[in-house]
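A look at the structure
Single-letter residue listing:
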Number of protein chains: 2
Amino acid sequence: MSHDEHWLLLCGGVGGAKLALGLAHELPPGSLTVLVNTGDDFRHLGLWISPDLDTVTYTLAGLVNPATGWGLAGDTFHCLEGLSRLSGPDWFRLGDRDLATHLERTRRLAAGERLGSITSDLASRLGVSARIWPMSDDPVATLLHTDSGLLEFQDYFVRRQAAPVVRAIEYHGASEAGPAPGLANLLKDPGLAGIIIAPSNPWLSIDPILALPGLRQSLADARAPVVAVSPLIAGQAVKGPSAKIMRELGLPPDAQGIARHYLCLLDGFILDDRDEAEAAGIGLLGLETVAAPTLMRSLDDRRSLARVALGLARRLGNSIGRPHRQTG
Amino acid sequence: MSHDEHWLLLCGGVGGAKLALGLAHELPPGSLTVLVNTGDDFRHLGLWISPDLDTVTYTLAGLVNPATGWGLAGDTFHCLEGLSRLSGPDWFRLGDRDLATHLERTRRLAAGERLGSITSDLASRLGVSARIWPMSDDPVATLLHTDSGLLEFQDYFVRRQAAPVVRAIEYHGASEAGPAPGLANLLKDPGLAGIIIAPSNPWLSIDPILALPGLRQSLADARAPVVAVSPLIAGQAVKGPSAKIMRELGLPPDAQGIARHYLCLLDGFILDDRDEAEAAGIGLLGLETVAAPTLMRSLDDRRSLARVALGLARRLGNSIGRPHRQTG
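Keep in mind it's a predicted model, so treat the numbers as computed, not measured.

Focus: the overall build of chain A
Helix and strand content of chain A: 13 helices and 14 strands. Computed over its C-alpha atoms, the radius of gyration of chain A comes to 19 Å, within 12% of the 20 Å expected for a compact globule of 328 residues. Projecting the C-alpha coordinates of chain A onto the three principal axes gives extents of approximately 65 × 45 × 40 Å. Within chain A, residue pairs in contact and separated by at least 24 positions form 67% of the contacts whose partners lie at least 6 positions apart.

Looking at the packing of helix H1 (residues 14–26) of chain B against helix H13 (residues 299–318) of chain B
Residues and elements named next belong to chain B. For the pair H1 and H13, interaxial distance at closest approach is 7 Å and the crossing angle is 75°. If you check the angle between H1 and H13, you find them roughly perpendicular. Contacts between H1 and H13 involve Lys18, Leu19, Leu21, Gly22, Leu23, His25 and Glu26 on the former and, on the latter, Arg302, Arg303, Leu305, Ala306, Arg307 and Leu310. Partitioning the contact of H1 with H13 into residue classes produces 6 nonpolar, 2 polar and 5 charged.

A word on the sheet that holds strand S10 (residues 226–229) of chain B
All names here are of chain B. Read from one edge of the open sheet, 7 strands run S5-S2-S1-S9-S10-S13-S14, paired in parallel fashion. Strands at the two margins of the open sheet, each flanked by one partner only, are strand S5 (131–134) and strand S14 (288–292). Neighbouring strand axes in the sheet, compared pairwise and without regard to direction, differ in orientation by 20° on average. As judged from the 4 bridges shared by strand S2 (residues 32–36) and S5, these two strands associate in the parallel manner. Paired with Leu35 across the bridge in S5 is Trp133. In the packing of H1 onto the sheet, the strands contacted are strand S1 (6–11), S2 and S10, and the crossing angle to S1 comes to about 165°. Across the sheet, helix H2 (residues 51–60) lies against S1, S2 and S5, angled at about 175° from S5, the strand it touches most.

A word on the environment of B:Gly250
Residue and element names in this part refer to chain B. When you line up the elements, Gly250 lands in the loop between helix H10 (242–248) and helix H11 (255–262). Accessibility expressed as a C-beta count within 10 Å gives 6 for Gly250, which makes it exposed. Taking the C-alpha atoms as reference points, Gly250 and His172, 78 residues apart in sequence, are found 23 Å from one another.

Side note on the pairing of strand S9 (residues 192–197) of chain B
Residue and element names in this part refer to chain B. Burial of S9 is extensive: 6 of the 6 residues sit out of reach of the surface. The pairing of S1 with S9 spans 5 bridges and is parallel. Bridged to Leu10 within S9 is Ile197.

So, the interface of chain B and chain A
The interface of chain B with chain A comprises 24 residues on the first partner and 24 residues on the second. The greatest single-element share of the side of chain B that touches chain A, amounting to 10 residues, is contributed by helix H4 (residues 96–110) of chain B. Taken together, the residues that form the side of chain B that touches chain A break down as 9 nonpolar, 8 polar and 7 charged.

Topic: the relation of the copies chain B and chain A
In this structure, two copies of a chain are linked by a rotation about an axis accompanied by a shift along it. The transform that puts chain B on chain A rotates by 180° and translates by 0.0 Å along the axis, for an RMSD of 0.0 Å. Here the copies are linked by what is in effect a two-fold axis. The C-alpha atom lying nearest the rotation axis in chain B is that of B:Asp96; the distance is 3.1 Å. The fraction of interface residues of chain B whose copies in chain A are also interface residues reaches 100%, indicating that both copies meet through the same surface.

What to know about the sheet that holds strand S1 (residues 6–11) of chain A
All names here are of chain A. Spatially, S5-S2-S1-S9-S10-S13-S14 is the arrangement adopted by the 7 strands of the open sheet, whose pairing is parallel. Every other strand in the sheet has two partners, leaving strand S5 (131–134) and strand S14 (288–292) as the edge strands with one partner each. Pairwise comparison of adjacent strand axes, ignoring direction, gives a mean angle of 20° for this sheet. Sheet topology note: the strand S10 (residues 226–229)/strand S13 (residues 268–272) ladder contains 3 bridges and is parallel. By the bridge assignment for S13, Val229 is matched with Ile270. Seen against the sheet, helix H13 (residues 299–318) touches strand S9 (192–197), S10, S13 and S14 and runs at an angle of roughly 130° to S9.

What to know about helix H4 (residues 96–110) of chain A
An α-helix turns once every 3.6 residues. As a result, residues three or four positions apart point the same way. All names here are of chain A. Between the first and last C-alpha of H4 there are 21 Å, a value that for 15 residues agrees with the 21 Å anticipated at 1.5 Å per step. Most of H4 is tucked away: 13 of the 15 residues are buried. Where H4 ends, the next residue or the one after it, Gly112, has phi of about 100°, a positive value.

A closer look at unusual backbone geometry
All names here are of chain A. In this structure, Gln161 takes a positive phi of about 50° despite not being glycine. By the element assignment, Gln161 lies in the loop between helix H6 (153–159) and strand S8 (166–172). For Gln161, a count of 9 C-beta atoms within 10 Å puts it in the exposed group.

A word on the environment of A:Asp275
Residues and elements named next belong to chain A. Assignment of secondary structure puts Asp275 in the loop between S13 and helix H12 (279–284). When the C-alpha positions of Asp275 and Asp254 are compared, they lie 8.4 Å apart, and in sequence the two are 21 residues distant. Ignoring sequence-local partners within four residues, the contact set of Asp275 consists of Ile233, Ala234, Ala255 and Ala291.

So, the packing of H4(A) against helix H3 (residues 78–85) of chain B
Contact geometry of H4(A) with H3(B) gives a least axis separation of 7 Å together with a crossing angle of 50°. Relative to H3(B), H4(A) is oriented oblique. The way H4(A) lies across H3(B) gives a crossing that is right-handed. Contact with H4(A), carried on its side by A:Asp96, A:Arg97, A:Leu99, A:Ala100, A:Thr101, A:Leu103 and A:Glu104, involves B:His78, B:Cys79, B:Glu81, B:Gly82 and B:Leu83 of H3(B) and no other residues of that element. Counted by class, the contact of H4(A) with H3(B) contains 5 nonpolar, 3 polar and 4 charged residues.

Observations concerning H2(B)
Residues and elements named next belong to chain B. Burial of H2 is extensive: 10 of the 10 residues sit out of reach of the surface. If you check which residues of H2 are buried, you get Pro51, Asp52, Leu53, Asp54, Thr55, Val56, Thr57, Tyr58, Thr59 and Leu60. In the segment just after H2, Gly62 is the residue with positive phi, at about 75°.

Side note on the pairing of S9(A)
As paired strands, S9(A) and S10(A) are joined by 3 bridges and run parallel to one another. Bridge pairing in S10(A) links A:Ile196 to A:Val227.

Digging into the environment of B:Val36
Residues and elements named next belong to chain B. Looking at the element boundaries, Val36 is found in strand S2. Taking the C-alpha atoms as reference points, Val36 and Gly13, 23 residues apart in sequence, are found 8.0 Å from one another. Contact partners of Val36, with chain neighbours within four places excluded, come to Cys11, Asp52, Leu53, Val56, Ile132, Trp133, Pro134 and Met135.

Procedures and definitions
- Residues numbered from 1 in each chain as written.
- Chains lettered and ligands numbered in written order.
- Predicted model: local features only at pLDDT ≥ 70, side-chain atom pairs only at ≥ 80, totals over all residues.
- Helix = DSSP H or I, 4+ residues; strand = E, 2+ residues; numbered from the N terminus.
- Rg over C-alpha atoms; globule rule 2.2 N^0.38 Å.
- Contact = placed C-beta atoms within 7 Å.
- Axes fitted to C-alpha atoms, helices over the stretch in contact; angles between N-to-C directions.
- Parallel < 35°, antiparallel > 145°, perpendicular 65-115°, else oblique.
- Nonpolar A, V, L, I, M, F, W, Y, C, P; charged D, E, K, R; others polar.
- Pairing = 2+ DSSP bridges.
- Buried ≥ 20, exposed ≤ 12 C-beta atoms within 10 Å, placed from the backbone.
- Least-squares fit on C-alpha atoms with pLDDT ≥ 70 in both.
- Expected span 1.5 Å × (residues − 1).
- Left-handed = near helix turned anticlockwise from the far one by under 90°.

This is the structure in structure tokens:
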């Protein structure tokens, strides 16, 4: 690790990948590390599928399908059509070009290679200069206790379209999983300028990362400031069930609810400017709070939000004394 | 097994599938069983691939790529292009629609289903009325001892394009493999009107079937006449390395060489009419020999050759006394 400035982004899939792209554009090549949720990973048709890793990789490679935010632009679904014809499981949308990633990852995992090494190599072959790290090389499975029983993540999220009511969430395997091999050193690196938590679903995308042994403590101990971006705009998630899950867990679906969820980890917080009225209240929690446009439709939006996050973290990093966050 | 007339075809891939299609058109629906070589089967990218089964299935379903004789008509190769981009193994041509078959077969094998059951179900979903049976539910691997060392079949056949000189051929696992579950009953069935050996490569496609325990004896004991079609025309294989392998094994690459190879099994033999000069010599071996056009370019060619084979077997079946073939 050199003493050049480094940045760490914690993220899930689509929304997080958009901010990752903005950051990659705003930062010098190679100075961004994206730590990606793998709690959504699953085995399907014998393939090891890592949806969030692929979304981040395809997004940073400029290959992502702009209409969906995941999958490859211009991909075809001939294999999936073939599976339907054979009455095979066709509920998970696998594009033909996308399948190559799953086949190759599965092949290399079966050959004994670690997920992080495979991910780095595939990303570099697609021309990505940011480092994309799975949160762990070990399997972690997000499981949902719902009114329809205990559900695996993709069953809940894709097959049932997040309709069941969530009672509790479990990150199976997290307590025995090792965090990404380079992470401990990165968090101690004096060149680490800031840690950003993407506007991903806190329960489904960020908490699986935070559930890894020692990770909350390592983040709390890091000298770099930690800044989170709210995934809610006016009480609604841009995409996905964040607000629905908050209501189901008995939490108010607003920016303050997000800020409180991450409270012990954070120095700064960014909420959408439509939620600016909440800023003062969040400020009272001890967080430096900024309102900004957080809806990322265009690349300019992504870069603009990235600049806000970088700017907030830099201000916090330059502030006298220790950041405000609580430790432990 | 009813007492309706039944027919059994032993075959490999492309050439055998063509005759299977001709027979399927000439026979009542459901009266043809195709026993297919699985010695070419292999695991690739984590998928269980059965090239000959798929070629026969696609051909009988009317879905085969007419340009190659294998794969699906109009298939795309987007996944394979994706694999190339990731520097994955792209030497085996996997079409996108074809991949569905491999994924679904592999998924069902992993779930504990037997290859024969999966094959039947996939074929019926594609509208095939003939029965397609893998020669065995157990894995058998054709291995080639060559001047480039011991090679797995697809490494020899596809990756090295059958260039290495073959010294010997081994059917690994054959002696412990059980023949297709229904085969013993079919061979004993009084309704079995004839057994046809397709113009497939004798060493690479038919011998793996004949290497199964007891299979030669069961064929010899069957009351139904056995007829083979030569895969050579004027000393050349229509497709593949039959003639090259014969030369490498020190055998004359001609119809008589083929007839001698199967001699103890056969009652009748069909050679191409360009090789008619050899017919008398083969007749001296005790085989009823017929010359006919064996090159199958059109469906009419396939049906015409099927009629020749059916006619020869029917004549032999009607002849007084036991067929000519030697037993044991």
